[in-house]
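Chain and residue survey
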Amino acid sequence: MSEKVYCKYCGSSASSVSSLTQHSCSKNPEGKYHVPYEGSEKSKYECKYCGSSASSISSLTQHSCSKNPEGKYHVPL
Ligand SMILES: [Zn+2]
Ligand SMILES: [Zn+2]
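Figured I'd write up the structure that's included with this text. (Residues numbered from 1 in each chain as written. Chains lettered and ligands numbered in written order. Predicted model: local features only at pLDDT ≥ 70, side-chain atom pairs only at ≥ 80, totals over all residues. Heavy atoms only, no water.)

When its secondary structure is counted, the protein chain shows two helices and four strands. Counting from the amino terminus, the protein chain carries its helices and strands in the arrangement β-β-α-β-β-α. At 12 Å, the protein chain has a C-alpha radius of gyration in line with the 11 Å of a compact globule built from 77 residues. Dimensions along the principal axes, computed over C-alpha positions, put the protein chain at roughly 35 × 30 × 15 Å. In the protein chain, which comprises 77 residues, the proportion classed as buried is 30%. Taking the contacts inside the protein chain whose residues are at least 6 apart along the sequence as the reference set, 34% of them involve residues at least 24 apart. A total of about 5000 Å² of accessible surface is found on the protein chain, and carbon and sulfur atoms cover 44% of it. Looking at charge distribution, the protein chain has the averaged site of its 9 positive side-chain charges lying 8 Å from that of its 6 negative ones. (Helix = DSSP H or I, 4+ residues; strand = E, 2+ residues; numbered from the N terminus. Rg over C-alpha atoms; globule rule 2.2 N^0.38 Å. Buried < 20%, exposed > 50% of the residue type's maximum accessible area, 1.4 Å probe, protein only. Contact = heavy atoms within 4.5 Å. Areas by Shrake-Rupley, 256 points an atom, 1.4 Å probe, with all protein chains shown as cover. Lys, Arg positive; Asp, Glu negative; His and termini not counted. Charge placed at Lys NZ, Arg CZ, Asp CG, Glu CD.)

On to the coordination of the zinc ion (ligand 2). Bound to the zinc ion (ligand 2) are the protein donor atoms Cys47 (SG), Cys50 (SG), Cys65 (SG) and His74 (ND1), situated 2.0 to 2.4 Å from the metal. Here the zinc ion (ligand 2) is ringed by four donor atoms whose angles at the metal span 102 to 118 degrees, and the overall shape comes out tetrahedral. Residue classification places Cys50 among the partly exposed residues on the basis of a relative accessible area of 30%. (Donors = N, O, S within 2.8 Å, 3.2 Å for Na, K, Ca; no water. Tetrahedral: all angles 85-135°; square planar, octahedral: opposite > 155°, others 65-115°.)

Moving on: the coordination of the zinc ion (ligand 1). Distances from the zinc ion (ligand 1) to its protein donors, Cys7 (SG), Cys10 (SG), Cys25 (SG) and His34 (ND1), fall at 2.1 to 2.3 Å. Considering all four donor atoms around the zinc ion (ligand 1), the spread of angles at the metal, 102 to 116 degrees, places the coordination shape in the tetrahedral class. By relative accessible area, His34 is classed as buried at 10%.

The next point concerns the nonpolar core. Counting eight residues, the largest nonpolar core is built from Val5, Cys7, Tyr9, Cys10, Ala14, Leu20, Cys25 and Val75. Once you skip the residues sitting within four places of it in the chain, Val75 turns out to touch Lys8, Tyr9, Glu46, Cys47, Lys48, Tyr49, Leu60 and Asn68. Counting seven residues, the second-largest nonpolar core is a separate cluster that includes Tyr37, Tyr45, Ala54 and Leu60. (Core = buried A, V, L, I, M, F, W, Y, C linked by side-chain atoms within 4.5 Å.)

Now for the layout of surface pockets. Approximately 150 Å³ is the volume attributed to the largest pocket. Residue lining of the largest pocket: Glu3, Lys4, Val5, Tyr6, Tyr37, Glu38, Gly39, Ser40, Glu41 and Tyr45, and that is the complete set. (1 Å grid on protein atoms, 1.4 Å probe; cavity = no way out; pocket = protein on both sides within 12 Å on 5 of 7 lines; lining within 4 Å. Points joined across faces, edges and corners; volume = space filled by probe spheres on them.)

Applying the stated criterion to the full structure yields one aromatic pair. In this structure, Lys27 is placed above the aromatic ring of Tyr73, and the distance from its NZ or CZ to the ring centre is 4.7 Å. (Phe/Tyr/Trp six-rings, centres within 6.5 Å; stacked < 30°, edge-to-face > 60°. Lys NZ or Arg CZ within 6 Å of the ring centre and 35° of its normal.)

Here it is as structure tokens:
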């Protein structure tokens, strides 16, 4: 079983945290690089600010969130 690491801001995936975080992220409001999502893999991801849900992190985070105080896009819970 291979586990993937996903960026919580854009949903990009990599095989390890170190390979994920060496690439820059266009949706990270606080920094330049991808930030690993720390939750477990789910069939649905909910935005922690507004409760919108999507079947993947990448589809959740490509939509803008009206309630995110720090950034523009939904952020998975
Ligand atoms: Zn990212
Ligand atoms: Zn949202």
